[in-house]
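Architecture at a glance
This is what each chain is made of:
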Amino acid sequence: MAFVPSDRIKNVQKSATRRLYDAAPQGSINLGLGEPDFLTPEIVRGEAERVIREERLGYTPNAGLPALREKIAAYHSEGLKEAFGAASVCVTNGAEEALFAVMMALLNPGDEAALPDPGFSAYATIAEIAGAKVAPFAMPAAQGFQFDRASFANAITDKTRLALIVSPSNPTSRVIARDDLQFIAERLRGSEVYVIADEIYRELYFDERPASLSEFYDKTIIVSGLSKMMSMTGWRLGWAVANPEVIQYVTVMHQYISSCASAISQKAGLAAFTEEGRAATKAMRDELRHRRDVMAQAIERELGLPYVSGEGGFYIMLDVSQFGAAEEVAMRLLEERVITVPGDAFGAQGSGYLRLSFSIEPALIEEAIGRIARGLSKGQS
Ligand code: PLP
């Protein structure tokens, strides 16, 4: 008899990024990447080498090494009136596990989760696995994917248990302005709604460092990690930071998912919080700003299509609506050996757009935009 999966998993699809990637011919340039292409900075790699040779690497406490939790708490306390302590931190296997543990600890079947459209596709999938109903709020394409107060307010009902914001955003790289964060806090004050603030791209900004909702709203649960800011996606080191009462339950969930994050990654990850670690992040930020300019200029020169470029992260949203459905355009571009992600994968507002990642070498960005130009011109003939 064929295997019958559980109800909670049977409708979960392979992500569009994966599908495109699996269908790509050899020699493709990958503009679908969700990670920086830099080597993890030497200060972290060196420390990992040392701890492997010299230290015992047993389980750590479920919530993570106390020294690391303290560093993370101090890092997220900058600019806050009341500082976080170690008890406010649960270290997880990447930000993805933090999202999972938080949602599973917070949501009951029938609760509503207000999620951004477009937004990282894991949000809706995890909320649904937890049994919640997704209430998308539009970050309207017509407004350059900026936060829209009316859409957010309309998505909040008396059933809302969770709202989620991501700034800078995946897939749009847009940052939510400080006064919009204040609006969210005002709208929710006095309610039982918790807000996940996904800050995984926060250090990869181009002008001003984005503000955090935690400055304005005490029911904020910050989700972040070293994946993007230290180019450590494969090391699986993330965390959730919130009121200790919340973190206590998140830690129980995390304990039964994975016991603890990798001891090697936790010990080596401490180096990210040194001056040298911060300098490495700054160097990546500066390089990404340059790559964004390279991609934007190549789009203007080679394609002449509308596009949205944000204030951080490493994505540009390219408007290909005049060439048909984005998924078909993305499939066609595979013939030119370039991988992109159709915006629909992130929600209805993303339709007609391709998400292009500029986290690769500038020369490859130029080559890829040239291939897109060739692919699109064939489509028209
Ligand atoms: N949040 C956002 C917005 C992301 O784009 C990603 C990864 O692409 C994650 C969370 C997950 O990060 P991690 O690799 O730390 O699990």
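Look above for the structure.
Remember, predicted model here, so these are calculated numbers, not experimental data.

Reading the values: the criteria
Residues numbered from 1 in each chain as written. Predicted model: local features only at pLDDT ≥ 70, side-chain atom pairs only at ≥ 80, totals over all residues. Heavy atoms only, no water. Near = heavy atom within 4 Å. Polar contact = N/O pair within 3.5 Å; in protein donor to acceptor, adjacent residues only side chain to side chain. Helix = DSSP H or I, 4+ residues; strand = E, 2+ residues; numbered from the N terminus. Nonpolar A, V, L, I, M, F, W, Y, C, P; charged D, E, K, R; others polar. Expected span 1.5 Å × (residues − 1). Buried < 20%, exposed > 50% of the residue type's maximum accessible area, 1.4 Å probe, protein only. Arc of directions from axis to C-beta. Contact = heavy atoms within 4.5 Å. Patch = residues over 30% accessible without salt bridge, like charges linked within 9 Å, V, L, I, M, F, W, Y side chains within 5 Å. Areas by Shrake-Rupley, 256 points an atom, 1.4 Å probe, with all protein chains shown as cover. Salt bridge = Lys/Arg side-chain N within 4 Å of Asp/Glu carboxyl O.

Now for the site of the ligand. Taken together, 13 residues surround the ligand, and among them Ala95, Asp198, Ser227, Lys228 and Arg236 come closest. One of the backbone nitrogen or oxygen atoms of glutamate 96 is found 2.9 Å away from an oxygen atom of the ligand. Within the side chain of aspartate 198, an N or O atom sits 2.6 Å from a nitrogen atom of the ligand. Here the shell around the ligand gets 3 residues from one element, more than from any other, and that element is helix H5 (residues 94-106). Split by residue class, the shell around the ligand holds 6 nonpolar, 3 polar and 4 charged.

Structurally, the α-helix is built with 3.6 residues per turn, so residues lying three or four positions apart point the same way. Between the first and last C-alpha of helix H3 (residues 42-54) there are 18 Å, a value that for 13 residues agrees with the 18 Å anticipated at 1.5 Å per step. Listed in full, the buried residues belonging to H3 are Val44, Ala48 and Val51. Buried positions in H3, seen along its axis, are confined to an arc of 70 degrees and lie on one side of it. Of the exposed residues in H3, those oriented more than 90 degrees away from the buried face are Glu42, Arg53 and Glu54. Here the buried face of H3 lies against helix H10 (263-269).

Next up on the list: a nonpolar patch on the surface. A contiguous nonpolar surface patch, about 220 Å² in accessible area, is contributed by Ile52, Leu57 and Ile264. Looking at where leucine 57 falls in the secondary structure, it is placed in the loop between H3 and helix H4 (66-77).

In short, the description is geometric, and any link to function would need to be established separately.
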